[in-house]
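# Descriptive structure summary
The residues making up each chain are set out below.
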Amino acid sequence: MKSAGKRSAGKSATRRSLDVLGLLVEHPEGMAITDIGARLGLPKSAVHRVLAIFVETGFVRRDDATARYALTLKLTMMGLRHYAALGLSDVAQPILNRLATESGELARLAVVENDGLVWVAKAQGARHGLRYDPDTGLNVVLHATAVGKAWLATLPEMDALRIVVATRFATPAHFGRNAIRSVETLKAALDETRARGYGTAIEEGELGTAAVAVVFRAGASPLSPVAGTLSLAGPVGRFTATRRTAFARTLAVAARELAEIWPLRGSLGPPLAATSPEFSDAV
C-alpha cells in the first residue's frame, strides 16, 4: 500500500490547497488535520502548511478547544460578490419569483459549468404545508434529477453517458428510491426526455418529492448553447401527470424569456449539440 506521502507526491501545492478547501466546504462543522490528511491522502505536514496559509488569509479558522479547522464566511462572501457581478440575480430572480408564486412550488435555476450543472438561485412558492427546499451552491446529481436529465438529453448520447459514467452513478444517501443507477436505465430515461421535451424526476432527487425541468439557452436562437435549466419541485403528491405537463409549459415560457436577457451569452462557447429537445405545445 502506498503511503500518504507517495500518493500525494504528484499533486502541486495549488492542487493540495484546492482539495483541502473543497473538503472543508463539505464539512462546515470543521475537521482535524489528521482527518483531512486521511481523506485526501496527504501527510500531516502538508495539510498543516495549507491550513496555515488559509488561517493567515482569513479563509479558515481554528477552534482551539477542538483543534478543528473550518471555513469562515470569506469564501462565501467572495462567491456572493461574483454572483452579483454576473448579474444573475437581477436577471433570473424575478422570473424565479414569478414561477414560484404562480405554481406554489420551489422554482430553481441551475447553470452549466464544465461537465455539469450548479444550483445558483431559487424561489419558494409554498407558504403552508409541505415544502421542498434544498441548498443552492451545490453540484447537481445529473442522473437523479429532472434538471440533470433535461440537460443531458441535449448532448450527444456518448457525451452524456461519459459524463455520468465518470461519476460511477454516485448518489447521496438521502436521495429517493427511484434514482437511476445503470447505463441502460439512463439511456432509456434520456430517450424519454428527448421525446417529451422536458425532464422529470419522481422520488429520485429526494424521497417523497418530484420535479419538472427544461433547459434554457444563452440567446433567443435555437442554435444558441444551452446555458442552464429552470425547474419546479415539490412533494410528489402535488405533482400529478396533469400538473407536470402544465408546469413544463410554464417553464418553457420562462425559459424563452430568460434566454432573451441571459447575461452570460458571450462567454459560454459553442453549443455542445447541433440540436436539442425543446418543449412542444403538442405535449
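The structure contained in this document is the topic of the report that follows. Chains are numbered independently. Their residues run from 1 in the order of the written sequence. Reporting of local features is limited, given that this is a predicted model, to residues whose pLDDT is at least 70; pairs of side-chain atoms are given and counted only at 80 or more, and all residues count toward the totals for whole chains, interfaces and linings. Side-chain measures were taken over the full set of non-hydrogen atoms in the model, leaving aside hydrogen atoms and water.

### So, the side chain of Thr-154
A helix here means a DSSP run of H or I that spans at least four residues, while a strand means a run of E at least two residues long, and both kinds are numbered starting from the N terminus. Looking at the element boundaries, Thr-154 is found in the loop between helix H7 (146-152) and helix H8 (157-165). The buried label goes to any residue with under 20% of its type's maximum accessible area, the exposed label to any with over 50%, and the partly exposed label to all in between, with areas taken from a 1.4 Å probe on protein chains only. For Thr-154, a relative accessible area of 4% gives the class buried. Any pair of N or O atoms that falls within 3.5 Å is considered a polar contact. Within protein, one atom must be able to donate a hydrogen and the other to accept it, and sequence-neighbouring residues count only if both atoms are side-chain atoms. Side-chain polar atoms of Thr-154 contact the backbone oxygen of Trp-151, separated by 2.6 Å.

### A word on the packing of helix H2 (residues 13-25) against helix H4 (residues 44-57)
The interhelical angle for the contact between H2 and H4, taken along N-to-C directions, is 75 degrees, at an axis separation of 10 Å. Between H2 and H4, the crossing angle belongs to the class labelled roughly perpendicular. Every residue of H4 that contacts H2 at Arg-16, Ser-17, Val-20, Leu-21 and Leu-24 is listed here: Ala-46, Arg-49, Val-50, Leu-51 and Phe-54. Charged residues are taken to be Asp, Glu, Lys and Arg, nonpolar residues to be Ala, Val, Leu, Ile, Met, Phe, Trp, Tyr, Cys and Pro, and polar residues to be all remaining types, Gly included. For the contact of H2 with H4, the residue count by class is 7 nonpolar, 1 polar and 2 charged. Fitted lines through C-alpha atoms give the axes, limited to the stretch in contact for helices. The angle between two N-to-C directions lies from 0 to 180 degrees. The cut-offs work like this: below 35 degrees is roughly parallel, past 145 is roughly antiparallel, 65 to 115 is roughly perpendicular, and the gaps in between are oblique. Every residue pair with non-hydrogen atoms within 4.5 Å of one another is taken to be in contact.

### Structural notes on the nonpolar core
Definition of nonpolar core: a set of buried residues of the types Ala, Val, Leu, Ile, Met, Phe, Trp, Tyr and Cys, connected through side-chain atoms within 4.5 Å. Residues Leu-109, Phe-216, Leu-230, Leu-258 and Trp-262 are the most contacted members of the largest nonpolar core, which totals 30 residues. Where this core is concerned, the elements lending two or more residues are helix H6 (88-103), strand E3 (106-112), strand E4 (117-124), strand E6 (209-217), strand E7 (226-235) and helix H10 (241-261). Judged by nonpolar contacts, the second largest core, of 28 residues, contains Ala-110, Leu-142, Ala-150 and Leu-155.

### Section: the environment of Val-112
Turning to its location among the elements, Val-112 is positioned in strand E3. A relative accessible area of 17% means that Val-112 is categorised as buried. As a C-alpha pair, Val-112 and Val-226 span 114 residues in sequence and 7.6 Å in three-dimensional space.

### Brief notes about the environment of Thr-245
Mapped onto the elements, Thr-245 comes out in helix H10. We classify Thr-245 as partly exposed; its relative accessible area is 21%. It is 9.2 Å that separates the C-alpha atoms of Thr-245 and Tyr-198, two residues lying 47 residues apart in sequence.

### Details of the sheet that holds E3
Two strands qualify as a pair provided that DSSP identifies no fewer than 2 bridges between them. Sheet architecture is open: 5 strands sit in the order E4-E3-E7-E6-E5, paired in antiparallel fashion. Every other strand in the sheet has two partners, leaving E4 and strand E5 (199-202) as the edge strands with one partner each. Between one strand and the next, the sheet's axes are offset by a mean angle of 20 degrees, whatever the strand orientation. Where E5 lies against E6, 4 bridges are found, and the strand directions are antiparallel. Its bridge partner lying in E6, Ile-202 is registered against Ala-210.

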